[in-house]
Amino acid sequence: MTTTPTSPAAPTLRLPRAARPALCLLVALAAASGCKRAEKPAAAGAPVSPAAAATTPAPAPDTPPVIHDSPEAGRQPWAGLAEPRGLAIDGRGRLWVADFGHSRVAIFDAAGGSLGGWGGARGNGKYQLQDPADIAIHGEDVYVADTWNGRVQHFTTSGQFRETAAAELYGPRGVVVAPDGVVWIADSGNNRLVLLQAGQPARFIGKAGGGADGLMSPVGIAANASRVYVADIGNHRLQVLGLDGKFQRSIPVAAWKDTMEPYVATDDKDHLYVSVPAGSSVLELDHSGKVLHTWQTDDAGKKLLKPSGLALDGKTGILYVVDAASNLVTTIHVAGKKG
């Protein structure tokens, strides 16, 4: 069975742009990843020269998703990815990948079989994306950090568009849904976190700087039943917050000393896993930041090149790792290590 949904227009929750400008670190991140801030399109009806008309391709259609129940035959595992970033696991064990290089959402089974997705044509329509960097799933809800459209898009796991959950962000790179249903967004360029809750006004947490409640270009974000962990990369640390939004403490991460886009995973026992893209490794940390384990290869013994997104399957004890350099998703079994 193939799902090709159509959906009516939905309301947009528009958030005010932060007054504080983004720090230079976000510019460095964009340059390092080959990503540029999207140019504002010409206004409708604006005159176009004959030369420009001859060289400018027609806009790609805003095509709804096509999601398959079984993998497409004849394709290699994880085929078609380009510089992938964040990922998430749904209740059926499917992996949803932010395919940054192709500006799309790609869906796979646990073995890497392609199940479809949407996007692939850069744009700002309902199903179009510009360099998405992360995905979060909560029940049947899917949230995509549509980084260089400056927004977070809300869909269902069947591919139906719901709404633009947050707009007027500046290069959002991380998104997670806490167990209480609150959506947390790492609004990287504005050096803050944005919290969304149905029926409640948006909250803005943090401020630019290195203080106890400071953030500098936050990227990866993870949540469990009691805490939220944010990769505060400009300050080379994890910021730890309660579900109430209060900053609790900081965990230094010495490996994050270079410009990079790390991601975070955790479980309800506060086991912490962080990616180190510039160091070709994934680390397990304790509460103080002490490195308990370092992985530089996956379960098959293949060397990690540029690990980015992480997703921990609590049922199987498998940590899924996106490798943005090899354009694959790989696995590290962490089950059995814990008492």
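All values derive from a computational prediction rather than experimental measurement. (Residues numbered from 1 in each chain as written. Predicted model: local features only at pLDDT ≥ 70, side-chain atom pairs only at ≥ 80, totals over all residues. Heavy atoms only, no water.)

Undergrad: Got a sec to walk through the overall build of the protein chain? Specific residues and values, please.
TA: Scanning the protein chain from N- to C-terminus turns up two helices and 27 strands. Looking at the protein chain residue by residue over its 339 residues, the buried ones come to 51%. For the protein chain, long-range pairs separated by at least 24 residues make up 49% of all intrachain contacts whose partners lie at least 6 apart in sequence. Of the roughly 14500 Å² of accessible surface on the protein chain, a fraction of 54% belongs to carbon and sulfur atoms. (Helix = DSSP H or I, 4+ residues; strand = E, 2+ residues; numbered from the N terminus. Buried < 20%, exposed > 50% of the residue type's maximum accessible area, 1.4 Å probe, protein only. Contact = heavy atoms within 4.5 Å. Areas by Shrake-Rupley, 256 points an atom, 1.4 Å probe, with all protein chains shown as cover.)

Undergrad: Outline unusual backbone geometry, listing residues and values.
TA: Phi is positive for Asp270, close to 65°, though the residue is something other than glycine. Here Asp270 is to be found in the loop between β21 (264-266) and β22 (272-276). On the basis of relative accessibility, which here comes to 8%, the residue Asp270 falls in the buried class. Even without being a glycine, Ser280 presents a positive backbone phi close to 50°.

Undergrad: Quick rundown of the environment of Lys257? Include the residues and the values.
TA: If you trace the backbone, Lys257 turns up in the loop between β20 (247-252) and β21. Linking Lys257 and Arg237, residues 20 residues apart in sequence, is a C-alpha distance of 9.4 Å.

Undergrad: A description of the pairing of strand β6 (residues 114-119) should follow, citing residues and the corresponding values.
TA: For β6, the buried fraction is high: five of the six residues fall into the buried class. As paired strands, strand β2 (residues 66-68) and β6 are joined by two bridges and run antiparallel to one another. Across the sheet, Ile67 pairs through a bridge with Gly116, a residue of β6. Taken together, strand β5 (residues 104-108) and the strand that follows it, β6, pair antiparallel across an intervening segment of five residues, in which Gly112 is found at a positive phi of about 95°. (Pairing = 2+ DSSP bridges.)

Undergrad: A description of the sheet that holds strand β8 (residues 141-146) should follow, citing residues and the corresponding values.
TA: Where strands meet in a sheet, backbone hydrogen bonds hold them as pairs that are either parallel or antiparallel. Sheet architecture is open: four strands sit in the order β7-β8-β9-β10, paired in antiparallel fashion. Sheet topology places β7 (134-138) and β10 (161-166) at the edges, where each strand pairs with a single neighbour. Adjacent strand axes in the sheet meet at a mean angle of 25° when their direction is disregarded. Alignment of β8 against strand β9 (residues 151-156), held across six bridges, turns out to be antiparallel. Residue Asp141 lies in a different strand from β9, and its bridge partner there is Thr156. (Axes fitted to C-alpha atoms, helices over the stretch in contact; angles between N-to-C directions.)

Undergrad: Pulling in residues and values, what's your account of the pairing of β5?
TA: With five of five residues buried, β5 lies mostly within the body of the structure. Burial along β5 is two-sided: the residues Arg104, Ala106 and Phe108 and Val105 and Ile107 are all buried. Strand direction decides the pairing type here: strand β4 (residues 95-99) and β5, joined by five bridges, are antiparallel. Opposite Val97, over in β5, you have Ala106 as the bridge partner. Counting the residues that bridge the hairpin from β4 to β5 gives four residues, and of these Ser103 lies at a positive phi of roughly 50°. Sheet analysis places β5 next to β6, joined by five bridges and oriented antiparallel. Each residue of the ladder has a partner; that of Ala106, found in β6, is Gly117.

Undergrad: I'd like to hear about the sheet that holds strand β18 (residues 227-232), residue by residue, with values.
TA: Pairing in this open sheet of four strands is antiparallel, and the strands run β17-β18-β19-β20 from one edge to the other. Both outer strands of the open sheet, β17 (218-223) and β20, are each paired with one neighbouring strand and no more. Ignoring which end each strand starts from, the neighbouring axes of this sheet average 20° apart. For β17 and β18, the ladder comprises four bridges, and the chain directions are antiparallel. Bridge pairing in β18 links Ala223 to Val228.

Undergrad: Help me get a handle on the nonpolar core, residues and values and all.
TA: Counting 19 residues, the largest nonpolar core has Tyr229, Leu238, Trp256, Val264, Val274 and Leu285 as its most contacted members. For this core, the secondary structure elements donating two or more residues are β17, β18, β19 (237-242), β22 and β23 (281-285). Per-element accounting of this core gives the leading share, three residues, to β22. Those residues in contact with Trp256 that lie beyond four places of it in its chain are Ala231, Asp232, Ile233, His236, Arg237, Leu238, Pro262, Val264, Val274, Ser275 and Val276. Counting 16 residues, the second-largest nonpolar core is a separate cluster that includes Ile67, Trp96, Val105 and Ile107. (Core = buried A, V, L, I, M, F, W, Y, C linked by side-chain atoms within 4.5 Å.)

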